[in-house]
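Each chain, written out:
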There are 2 protein chains.
Amino acid sequence: MSKPRPISGFPEWTPAQTLVEQAFLRRIVAVYESYGYTPLDTPAVERVDVLASKGVVDKELYVLDRLREESRGNKKNDLGLRFDLTIPLARYVALHYADLNFPFKRYQVGKVWRGERPQEGRFREFYQADIDVIAENELPLHFDAEMPRVILEIFRRQGLTPRIRLNNRKLLPALYRKVGVDEEKLADILREADKLDKIGPERLRESFIELGITETQADSCLQLAATNGDFAAIRSRLNELALSSPEIDAGLSELETVATDLSDLPKEMWTCDLGIVRGLDYYTGTIYETVLTDHPQLGSICSGGRYDDLASGFINKTLPGVGISIGVSRIISHLFKLGAIGLERHCPTDVLVILPEDSRRADCNQIATLLRDKGINTEIYHLPQSMKRQLRYADRKGIPNVLFPHRYTPEEQMIEVKNLSTSDQVELPINEWIKGYLTNG
Amino acid sequence: MSKPRPISGFPEWTPAQTLVEQAFLRRIVAVYESYGYTPLDTPAVERVDVLASKGVVDKELYVLDRLREESRGNKKNDLGLRFDLTIPLARYVALHYADLNFPFKRYQVGKVWRGERPQEGRFREFYQADIDVIAENELPLHFDAEMPRVILEIFRRQGLTPRIRLNNRKLLPALYRKVGVDEEKLADILREADKLDKIGPERLRESFIELGITETQADSCLQLAATNGDFAAIRSRLNELALSSPEIDAGLSELETVATDLSDLPKEMWTCDLGIVRGLDYYTGTIYETVLTDHPQLGSICSGGRYDDLASGFINKTLPGVGISIGVSRIISHLFKLGAIGLERHCPTDVLVILPEDSRRADCNQIATLLRDKGINTEIYHLPQSMKRQLRYADRKGIPNVLFPHRYTPEEQMIEVKNLSTSDQVELPINEWIKGYLTNG
C-alpha cells in the first residue's frame, strides 16, 4: 500500500505538540486531584441503549461492528463509542452504587467520539476533562462554588486568563415567565436568548418577535439577556425591572449562595450573567460557561452545571450532581493554529549525555542512572560519533542540556554541562550540578 | 430502562483500583520519559486497510459503523479501532517522516481493542504501554540493551520482581537449521519450541517428532530450547554441541553485544534464553520476554524485539526499530484478583479540612489553598455537620489526614492535624506542618 493519509476529524499532533497537550492534561489532573476528585477510567465502549438513553445524539453515534462479512450487522453486540463522559458516569454510578462513598467526587480525562461533520475546531475524536460531584438526595450548593475555583486554578496554571459566567436555570425560566412569555414559547425564547453574543441585540430582538411575543416583551427579554455583573448588580437590576416571584427568589437565592462563596476570587475572573442558557442540556440549577479573554472567538471552552438527578434512567435513587467539562482538544488546536505555544522541545529529555568513546559507556550509564534517580530525564547518545553530530542531535530535539563526561570517574564524578539555550557551561561534581538543577531548573 | 449490566471483556475498576492503575501508568510514563522517550497519542481509530496491513487479525478487528439504518454498512468510512500500538506507530512514522528527528524514541500508553472471546485475564479493551526507538537505515544494538534497563526500572518502582529473557531471532533459525531441521519445517518447529515451559520436555519431544524430524534431531532441538544462562554459558553450551556457522556467529555476536551492555545489571534480573521464540511476530534480531518471578502463571507480561523495517508497507525508507510492550491491564487485573495490592484509599485526597461552622468557610478555603499550592491534595467538608460524621467520611474514603481549623486565624495559622492510621495528632503552624509533611509524607 501507499503512503497513509490522515483521517479527517481525528487530530494527531507532532511530538512537540503532543508534549504540550500531555502537559496540559497533567496540569488539569493535578488540579482536579488537589481538590480530592478521584480518577475514573470507564471503557471507551458503552451499550448503545445506554448511550441513546438521553435520546439526542444518535446521528452522531459510532457503533461497533465486525469486519468479517458473516458477522457484519450482527446486532447481538450492540456497542458504541461514548460521545461524552457524563452518560458513562451516570451508568457507572448506577452500576456500582453500593460500592461508592457519597458525595462521590470523580474526574475523568479521556477521549470521546462524535460522528459529526468535521470542521474548524470540531473533531470526531477529542479529549474532554470532566469533574462531577454526585451526592445522595442532597448536594450542598458549596460544591457549585467549588467548580469555578477548580477551573480558574487550571487555567491560571496554563498561563491563560479565563472568565467564568454563572447563571441559574431555576431563575431563568421564572424571569421569562414573569415578563410575560407563554409557557409554550419559553424553550424557543431561551434558545434564542443564548445567541446575544453571536447575533447582537437588534437581530435578537427581531428573532424574539418572530417567535410571536410582543415588542414590549421582546424588549424585556433583551434586557434580561444583557444583564450581568456581580450578584449585587444582578439583584438591583431585577429590582429596577420589578421582577419578583417565589420562583425567581428561589433561583436568585441559589445564585447568591454560590456568588457569596466565590467573593474572595478576583472580580475580573468571573461574573453573574443572565445571558447564558446552556440550551439543550439537562441542568436544573447553577450553570457555567467559560471564555478565555484572549481568545473570545473560541466561545465557551468549559461549561457545565447542576442536575437534579444524574442517573434516574438507570437506578431508583435521587442522585443530584454538579459538574463541568473542559474541551481540551478545541483549546489546544486553537493555540497551535495561532502559534501561541512554544514548541521548542521535541522530547522530554532534560540532559543528553555525550558518549566520547565506546570504552566510556559504563560511566555514561552510571551518570544517567544518577540523574534519572533524581527525576532528571536523561538520554545517552548511543554511538561515539563526532561531537558535532551529537550536539546537533540535542539541538534538533530541543534537549536543553548536554553533559560531557570526559573527566568523570566513579570516584571523582566531575561533569561538564552546557545549557544549549544560554550557552553557559559549568564544570562541577555531579551531585552539586543535580542540586542546582533541581533548585533552579 | 433498568439497571445497566457490565460489558464482558471491557474491564472497569472501583475508584480504589483505578487509583492503583493510574499510579502504575504514571510510573511507567515517568520511567519512559526518564530515558528520553517522547509521548505519542495517536487516534484510537485507524483506516481498516492500515490495520489489516499485517494481515493477521481481521477476525479480532472492531470496525466503526453508524447507527442510522440508512448509513449502516456504508463502506466509505472504513475505520476500525487499533488492536495494538505498533501499527499506529508505523503509520505515524510514515505519515510524518519528514518532521521527525531520528533516532525517534517514542512511548505510547493507551487502550487497544480486540474482539476476542473474553476469558480470564484476556480483555477486549485493555491498556498497552509501549516504547520503541526507530532509526533511519541503522540502529545501534545499544538501544536493544536499553529496553531491559527501562523495563527493570519500571517493575522495580512497582515493587515487582521481573526477570527478562533475551534471545535473538537471527540465531534461532540458524541453530535449528544446523541441527538438521528442514527449511519447510522450521517455522513449525520454532512454534513448538516456544512451548517448553507450558508442556514440558517429554511432550515437546513428541511434538517435534510428530512434525517429522528424527529422534536425534528432536533431542538436539530439545537441548536448544532448554539452553539458558548468562552469555558465557550460552556460548560454551553451543561449543559443546559443536554448533557453529556464519549465521549462528552473526546472531551470537548480536546477543553478546546486548548481554555485555547489560553486564552491570543484577544476574537474577535477566538471562539469555534460547527457549523464547516470539512465534508469529515480525522480529529479526533481539527478542524479549518478561515474567514476574512471584507470578509465573501470568506468563510473559512484557515482550518485544527488534525489527528490520517498521514501516515498509507505508513508506519507501528503511526504518529499523526495537521496542517492547507492557500488558498493563493483564498484570493489574491479576494483582487485583490475588488481593496483592492495597486498596485503602478511595480518592487522592491527602487532607480533609473539617468545617466547624459556616462562618469558618473562608478560613477553610484559605487553609486548603495553602496546602494545594504545595501539592497536597485537600478537600473541604462542605457542610458543618457533626465531627463524627465528618471523620466517618474521611475514614470511609481512606483519607489519611484530617485537619481541624478551630484555632486557625489568618494571622496565627495554627492547625491541628490527625493522622487517621496512626492516630497521631499534632498542633503547629501550617507552614511547619507542610514542611514536615513534604519531608516525611
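Residues numbered from 1 in each chain as written. Chains lettered and ligands numbered in written order. Predicted model: local features only at pLDDT ≥ 70, side-chain atom pairs only at ≥ 80, totals over all residues. Heavy atoms only, no water.

A short note on the overall build of chain A
Counting its regular elements, chain A contains 14 helices and 17 strands. Viewed in the frame of its principal axes, chain A has a C-alpha envelope of about 85 × 65 × 45 Å. Here chain A holds 441 residues, and 59% of them are scored as buried. For chain A, restricting intrachain contacts to residue pairs at least 6 apart in sequence, the fraction spanning at least 24 positions comes to 68%. Per element, the accessible surface of chain A, about 18300 Å² overall, is 48% carbon and sulfur. Averaging the locations of the 57 positively and 65 negatively charged side chains of chain A gives two centres separated by 5 Å. (Helix = DSSP H or I, 4+ residues; strand = E, 2+ residues; numbered from the N terminus. Buried < 20%, exposed > 50% of the residue type's maximum accessible area, 1.4 Å probe, protein only. Contact = heavy atoms within 4.5 Å. Areas by Shrake-Rupley, 256 points an atom, 1.4 Å probe, with all protein chains shown as cover. Lys, Arg positive; Asp, Glu negative; His and termini not counted. Charge placed at Lys NZ, Arg CZ, Asp CG, Glu CD.)

Section: the sheet that holds strand β16 (residues 414-419) of chain A
Residue and element names in this part refer to chain A. Taken in spatial order, the 5 strands make up an open sheet running β14-β13-β15-β16-β17, and their pairing is mixed. Among the strands making up the open sheet, the edge pair consists of β14 (378-380) and β17 (425-429). Here the average twist between neighbouring strands, direction ignored, is 25 degrees. Bridge count for strand β15 (residues 401-404) against β16 is 4 bridges, and the pairing is antiparallel. By the bridge assignment, V402 is partnered in β16 with K418. (Pairing = 2+ DSSP bridges. Axes fitted to C-alpha atoms, helices over the stretch in contact; angles between N-to-C directions.)

As for the packing of aromatic side chains
One pass over the structure, following the stated rule, counts 16 aromatic pairs over all chains. A centroid spacing of 5.0 Å and a plane angle of 25 degrees characterise the contact between B:W433 and B:Y437, whose relative ring orientation is stacked. Here B:Y437 and B:W433 lie together in helix α14 (residues 430-440), a separation of 4 residues that amounts to about one turn. You can call B:Y437 buried: its relative accessible area is 16%. Ring-pair connections join several aromatic residues into one group, and the members of that group are A:Y282, A:Y283 and A:Y307. Positioned above the aromatic ring of B:Y35 is the side chain of A:R372, whose terminal nitrogen or guanidinium carbon lies 3.4 Å from the ring centre. (Phe/Tyr/Trp six-rings, centres within 6.5 Å; stacked < 30°, edge-to-face > 60°. Lys NZ or Arg CZ within 6 Å of the ring centre and 35° of its normal.)

Here's the deal with the nonpolar core
A general trend in soluble globular proteins is that nonpolar side chains are found buried together. Among the nonpolar cores identified, the biggest contains 78 residues, and A:Y32, A:F155, A:Y176 and A:I326 are the most heavily contacted of them. When residues of this core are assigned to their parent elements, the largest contribution, 8 residues, is made by helix α4 (residues 142-158) of chain A. (Core = buried A, V, L, I, M, F, W, Y, C linked by side-chain atoms within 4.5 Å.)

Let's talk about a positive patch on the surface
Residues A:K388, A:R389, A:R392 and A:R396 make up a contiguous surface patch of positive charge. Accessibility expressed as a relative area gives 44% for A:R392, which makes it partly exposed. (Patch = residues over 30% accessible without salt bridge, like charges linked within 9 Å, V, L, I, M, F, W, Y side chains within 5 Å. Salt bridge = Lys/Arg side-chain N within 4 Å of Asp/Glu carboxyl O.)

Some details on the interface of chain B and chain A
Taken together, the 102 residues of chain B in the interface contact 101 residues of chain A. Each partner contributes to the roughly 8900 Å² buried at the junction of chain B and chain A, and carbon and sulfur atoms together form 53% of this total. Run the count over chain B and chain A and you get 8 salt bridges. Ionic pairing is found between B:E33 and A:R26, a salt bridge with its closest N-O pair at 2.7 Å. Where chain B meets chain A, there are 40 residue pairs in polar contact (both at pLDDT 80 or more). (Buried area = accessible area lost by both parts, 1.4 Å probe. Polar contact = N/O pair within 3.5 Å; in protein donor to acceptor, adjacent residues only side chain to side chain.)

Some thoughts on the relation of the copies chain B and chain A
For the match of chain B to chain A, the screw axis carries a shift of 0.0 Å, the RMSD comes to 0.0 Å, and the turn is 180 degrees. The transformation relating the two chain copies, once decomposed into turn and shift, fits a two-fold axis. Ranked by how close their C-alpha atoms come to the rotation axis, the residues of chain B are headed by B:L64, at 2.5 Å. (Least-squares fit on C-alpha atoms with pLDDT ≥ 70 in both.)

Regarding the confidence of the model for chain A
Mean pLDDT over chain A: 93, with 96% of residues reaching 70 or higher. Confidence estimates for the predicted assembly give a pTM of 0.95 and an ipTM of 0.95. (pLDDT = per-residue confidence, 0-100.)

What about helix α1 (residues 15-34) of chain B?
Taking 1.5 Å per residue, 20 residues should reach 28 Å; α1(B) reaches 28 Å between its end C-alpha atoms and fits that length. Just beyond α1(B), the residue with positive phi is B:G36, at close to 85 degrees. (Expected span 1.5 Å × (residues − 1).)

Thoughts on the packing of helix α6 (residues 183-193) of chain B against helix α7 (residues 196-210) of chain B
All names here are of chain B. At their nearest, the axes of α6 and α7 sit 9 Å apart, and the two run at 140 degrees to each other. Contact residues: I189, E192 and A193 in α6; L196, L204, S207 and F208 in α7. In the contact of α6 with α7, the residues fall into 5 nonpolar, 1 polar and 1 charged. (Nonpolar A, V, L, I, M, F, W, Y, C, P; charged D, E, K, R; others polar.)

A word on the sheet that holds strand β9 (residues 270-273) of chain A
Sheet architecture is open: 9 strands sit in the order β1-β5-β6-β12-β11-β10-β7-β9-β8 (chain A), paired in mixed fashion. The open sheet terminates on both sides in strands that have one partner only, identified here as β1 (38-39) and β8 (228-229) of chain A.

Notes on the side chain of A:N365
With respect to the secondary-structure elements, A:N365 resides in helix α12 (residues 361-373). Its relative accessible area of 12% is what places A:N365 among the buried residues. Once you skip the residues sitting within four places of it in the chain, A:N365 turns out to touch A:I380, B:R149 and B:D261.

Focus on α4(A)
Residue and element names in this part refer to chain A. Helix length check: α4 (17 residues) gives 25 Å between terminal C-alpha atoms against 24 Å at 1.5 Å per residue, within 8%. Most of α4 is tucked away, with 15 of its 17 residues classed as buried. Residue G159 follows α4 closely and has a positive phi angle near 75 degrees.

Some words on the pairing of strand β9 (residues 270-273) of chain B
All names here are of chain B. Alternating residues of β9 divide into W270 and C272 and T271 and D273, and every residue in both groups is buried. Note that strand β7 (residues 162-168) and β9 share 3 bridges and pair parallel. Bridge pairing links L166 to C272 in β9. As paired elements, strand β8 (residues 228-229) and β9 share 2 bridges and run antiparallel to each other. Following the sheet pairing, N228 is matched in β9 by D273.

Re the pattern of salt bridges
Tallying each qualifying case throughout the model produces 64 salt bridges over all chains. Here A:E12 and B:R91 are joined by a salt bridge, their closest N and O atoms 2.7 Å apart. In this pair, A:E12 is assigned in the segment before α1 (15-34) and B:R91 in helix α3 (residues 86-95), connecting two distinct chains. Like B:R91, A:E12 is buried. The partner of B:E289 in a salt bridge is B:R278, with the nearest N and O atoms 3.0 Å apart. With B:E289 in strand β10 (residues 286-292) and B:R278 in the loop between β9 and β10, this residue pair connects regions lying 11 residues apart in the sequence. Each member of the pair, B:E289 as well as B:R278, is classed as buried. Members of the salt-bridge network, linked through shared partners, are A:R165, A:D197, A:D273, A:R278 and A:E289.

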